[in-house]
Amino acid sequence: MPIRVTLAAVAAEAGVSVATASRALSGRGDLSPATRRRVLAAARSLGYARDPSAGGRPPGTARLVDLVLGWYHNAYSDEVTAGARSAAAAAGYDLVLTEERDAPDDDWPMRIRRRGSAGVVLGLISPTASQLAAITDAAIPVVLMDPQAETSRGLTSVRTTDRDGGLAAAHHLVERGATRFAIVLGSPPYRYGRARNAGFREGLRHAAPGAELVALQADWSGAAAREAALPLLRGLRPGERLGVFACTDEMAAGVYSAAAAAGRRIPEDVLVVGFDDLRGARWLTPPLTTVRQPIREMAAAAVTALADAAAGAALPSPIILPTELIARGST
């Protein structure tokens, strides 16, 4: 019978106390990243297996993948969850939904460590360095889905061709006869918003050199987009057609509301293109032309990459899936 490696042996190998080794292996306690790494490396080299009664599992030993989002129960998160769940099931994993709360006592990284998740998808959130360290120091792989910033700290990311989507929106509005243009930008200016803005401006320079472009700021919400667009729509000159590119479908819906309040018709007076192709885009009147980003496929790709990593494969970076302009009644 093989000799069971004790926690004391791991502590001695790592040069720490038994209490410190226990906290490091269970994901508890305020330890430095270097100490956690040293204890985990010692446990791996000695072949240590935690007693389940001690609480928690060794990192990466459960057939679980965590999906961490800042919110659930909206059209975007529903698409992400559906894609991640299908991919997890296909790979033989269960999906755990974890909500990040903006609170000092939110210990979601520690909970992930304690349940021994095989990998983590972080969607549309900006984790702190200490939050990331709590996961990566335990050798749990992380994939960022649609990261908000350009820097990803060396982690694998899954994203779409935001700049190409903005460029396609510009060309489409020019082709459909717009004579003046506006873009509704999200604030704060996250990475994907900046890319969509840059692509749209590039497209206008190529397709309509010298065209007038008005930039409107909104806080990524439909209500804010409505208020931002209303003065512009009320001031339309006779005979002109305004082409509007909103950086999300929700903000495009706000432009619809502003058009109605200003007595403007879509698409006769105002042509509107959104971004996302969430389910509500088809329900607007008229249905919204939008740049589709493959949200379900992006989430599935993130989970599949984690499952492959658990089987020993290297994580690719970045994973980029293409956008597609879907023309509907709003243009």
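In this text, all values refer to a predicted model and were calculated from it rather than measured experimentally.

### Quick notes on the overall build of the protein
For step 1, the next point in the chain: Along the backbone of the protein there are 11 helices and 12 strands.
For step 2, the next point in the chain: Its C-alpha atoms put the protein at 85 × 35 × 30 Å along the principal axes.
For step 3, the next point in the chain: Evaluated residue by residue, the protein yields a buried proportion of 54% over its 331 residues.
For step 4, the next point in the chain: Residue pairs at least 24 apart in sequence account for 73% of intrachain contacts in the protein once pairs closer than 6 positions are excluded.
For step 5, the next point in the chain: Here the protein displays about 14,400 Å² of accessible surface, and carbon together with sulfur accounts for 54% of that area.

### Section: the pairing of strand E10 (residues 289–292)
Two faces belong to every sheet, and in a regular strand the side chains alternate between them.
For step 1, the next point in the chain: The pairing of strand E9 (residues 270–276) with E10 spans four bridges and is parallel. Bridge pairing in E10 places Val273 opposite Thr289.
For step 2, the next point in the chain: Sheet topology note: the E10/strand E12 (residues 324–326) ladder contains three bridges and is antiparallel. Looking at the pairing, Arg292 lines up with Glu324 of E12.

### Some words on the pattern of salt bridges
For step 1, the next point in the chain: Tallied over the entire structure, the rule returns 16 salt bridges.
For step 2, the next point in the chain: Two residues, Arg191 and Asp162, come together in a salt bridge whose shortest N-O distance is 3.4 Å. Taken together, the residues Arg191 in helix H8 (residues 191–207) and Asp162 in helix H7 (residues 162–175) connect sequence positions 29 residues apart. Judged on exposure class, the residue Arg191 and its partner Asp162 are both buried.
For step 3, the next point in the chain: Counted as one network, the salt bridges with shared partners bring together Asp146, Asp162, Arg191 and Arg196.

### A short note on the packing of helix H9 (residues 222–234) against helix H10 (residues 249–262)
For step 1, the next point in the chain: Between H9 and H10, whose axes approach to 7 Å, the crossing angle comes to 40°. Between H9 and H10, the crossing angle belongs to the class labelled oblique. Seen along the crossing, H9 lies across H10 with a hand that is right-handed. Judged by residue contacts, Gly222, Ala225, Arg226, Ala229, Leu230, Leu233 and Arg234 of H9 engage Glu250, Met251, Gly254, Val255, Ser257, Ala258, Ala259, Ala261 and Ala262 from H10.
For step 2, the next point in the chain: Of the residues assigned to the contact of H9 with H10, the class counts are 10 nonpolar, three polar and three charged.

### Concerning unusual backbone geometry
For step 1, the next point in the chain: Pro188 follows Ser187 through a cis peptide bond whose omega is 10°.
For step 2, the next point in the chain: Tracing the chain through its elements places Pro188 in the loop between strand E6 (180–186) and H8.
For step 3, the next point in the chain: That bond from Thr285 to Pro286 is cis: its omega, -5°, falls within 30 degrees of zero.
For step 4, the next point in the chain: Turning to its location among the elements, Pro286 is positioned in the loop between E9 and E10.
For step 5, the next point in the chain: A positive phi is found at His73, a non-glycine position, where the angle reads about 65°.
For step 6, the next point in the chain: Of note, His73 is situated in the loop between strand E1 (64–69) and helix H4 (75–90).
For step 7, the next point in the chain: Here the phi dihedral of Asp276 falls at roughly 140°; this positive angle occurs in a residue that is not glycine.

Thresholds applied
Residues numbered from 1 in each chain as written. Predicted model: local features only at pLDDT ≥ 70, side-chain atom pairs only at ≥ 80, totals over all residues. Heavy atoms only, no water. Helix = DSSP H or I, 4+ residues; strand = E, 2+ residues; numbered from the N terminus. Buried < 20%, exposed > 50% of the residue type's maximum accessible area, 1.4 Å probe, protein only. Contact = heavy atoms within 4.5 Å. Areas by Shrake-Rupley, 256 points an atom, 1.4 Å probe, with all protein chains shown as cover. Pairing = 2+ DSSP bridges. Salt bridge = Lys/Arg side-chain N within 4 Å of Asp/Glu carboxyl O. Axes fitted to C-alpha atoms, helices over the stretch in contact; angles between N-to-C directions. Parallel < 35°, antiparallel > 145°, perpendicular 65-115°, else oblique. Left-handed = near helix turned anticlockwise from the far one by under 90°. Nonpolar A, V, L, I, M, F, W, Y, C, P; charged D, E, K, R; others polar.

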